[in-house]
Amino acid sequence: MRPTTTRLAVATAAGLVLASCQSGSKSTPAPAGKSASLLAMEQVAIAAHKCWIASKDPAFKSYQMANELNSFGGTPRFLLVPAKHYGGKPLLVVQAQGNSSRVDVFGPLMAEPLGARIGSDIARWQAGNPACGAAA
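Criteria and cut-off values
Residues numbered from 1 in each chain as written. Predicted model: local features only at pLDDT ≥ 70, side-chain atom pairs only at ≥ 80, totals over all residues. Heavy atoms only, no water. Helix = DSSP H or I, 4+ residues; strand = E, 2+ residues; numbered from the N terminus. Buried < 20%, exposed > 50% of the residue type's maximum accessible area, 1.4 Å probe, protein only. Contact = heavy atoms within 4.5 Å. Core = buried A, V, L, I, M, F, W, Y, C linked by side-chain atoms within 4.5 Å. Salt bridge = Lys/Arg side-chain N within 4 Å of Asp/Glu carboxyl O. pLDDT = per-residue confidence, 0-100. Pairing = 2+ DSSP bridges.

A. View of the overall build of the protein chain. What the protein chain contains, in helices and strands, is three helices and four strands. Along its sequence from the N terminus, the protein chain presents helices and strands in the succession α-α-β-β-β-β-α. Scored against the burial criterion, the 136 residues of the protein chain give a buried share of 28%. Of the contacts formed within the protein chain by residues at least 6 apart in sequence, a portion of 41% connects residues at least 24 apart.

This is the structure:
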């Protein structure tokens, strides 16, 4: 009887050691591995979706958002494309690169009257203010 009890105790201890190793690796916080550019773009993309797309803002009704935040090239971004042509040429590109939290905005929409509003919205969101603001 004694060898079986010893084996059971060893197996239980090994199981506890393995379980503690596994649970320790799960407790590592995910945001620690995110680059400054990804953190900045997540903040801006969430606000843009909420304020421009989900709110059904009339100024943005003919566009849809294409998220590309999971960029392996270190350039998380999102695009505004024509709503009826998702695979069409992007009309707006909002991106950040590498370990910079600076967000760049460019594309044909920036030359339109809507460009001033886009620029002020992006600047506000990048600064940490998620408010949608007034229509321009």
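Alright, that's what it looks like, and here's the rest.
B. Geometry of the side chain of D121. Inspection of the secondary structure assignment puts D121 in helix α3 (residues 114–126). Given the relative accessible area of 1%, D121 is considered buried. Apart from residues lying up to four places away in sequence, D121 is in contact with W52 and C132.

C. Broad picture of the nonpolar core. Counting 24 residues, the largest nonpolar core has W52, F78, L80, V94, I118, I122 and W125 as its most contacted members. Elements with a contribution of two residues or more to this core: α2 (36–54), β1 (63–68), β2 (77–82), β3 (92–95) and α3. Setting aside residues no more than four positions away along its own chain, L80 makes contact with W52, I53, F60, Y63, Q64, M65, P90, L91, L92 and L109.

D. Seen up close, the pattern of salt bridges. Inspection of the entire model under this criterion finds six salt bridges. Among the salt bridges present, the one from D57 reaches R117, with a minimum N-O distance of 2.5 Å. Remark: R117 occurs in helix α3 and D57 occurs in the loop between α2 and β1; sequence separation between them is 60 residues. The exposure classification of D57 matches that of R117, with both residues buried. A salt bridge links D121 to R117; the nearest nitrogen and oxygen atoms lie 3.4 Å apart. Here the residue D121 and the residue R117 both occupy positions in helix α3, the gap between them amounting to four residues, near one helical turn. With relative accessibility at 5%, the residue R117 sits in the buried group. Within this structure, D57, R117, D121 and R124 form a network of salt bridges that share partners.

E. Up close: the confidence of the model for the protein chain. Of all residues in the protein chain, 73% attain a pLDDT of 70 or more, and the chain-wide mean is 79. Between residues 8–30, whose pLDDT stays under 50, and residues either more than four places distant or in other chains, the model counts zero contacts.

F. Representation of the pairing of β2 within the structure. Looking at chain direction, β1 and β2 are connected through six bridges and run antiparallel. The partner of Y63 across the bridge, within β2, is P82. Taken together, the four bridges between β2 and β3 define a ladder with antiparallel strand orientation. Bridge assignment links F78 to a residue of β3, and that residue is V94.

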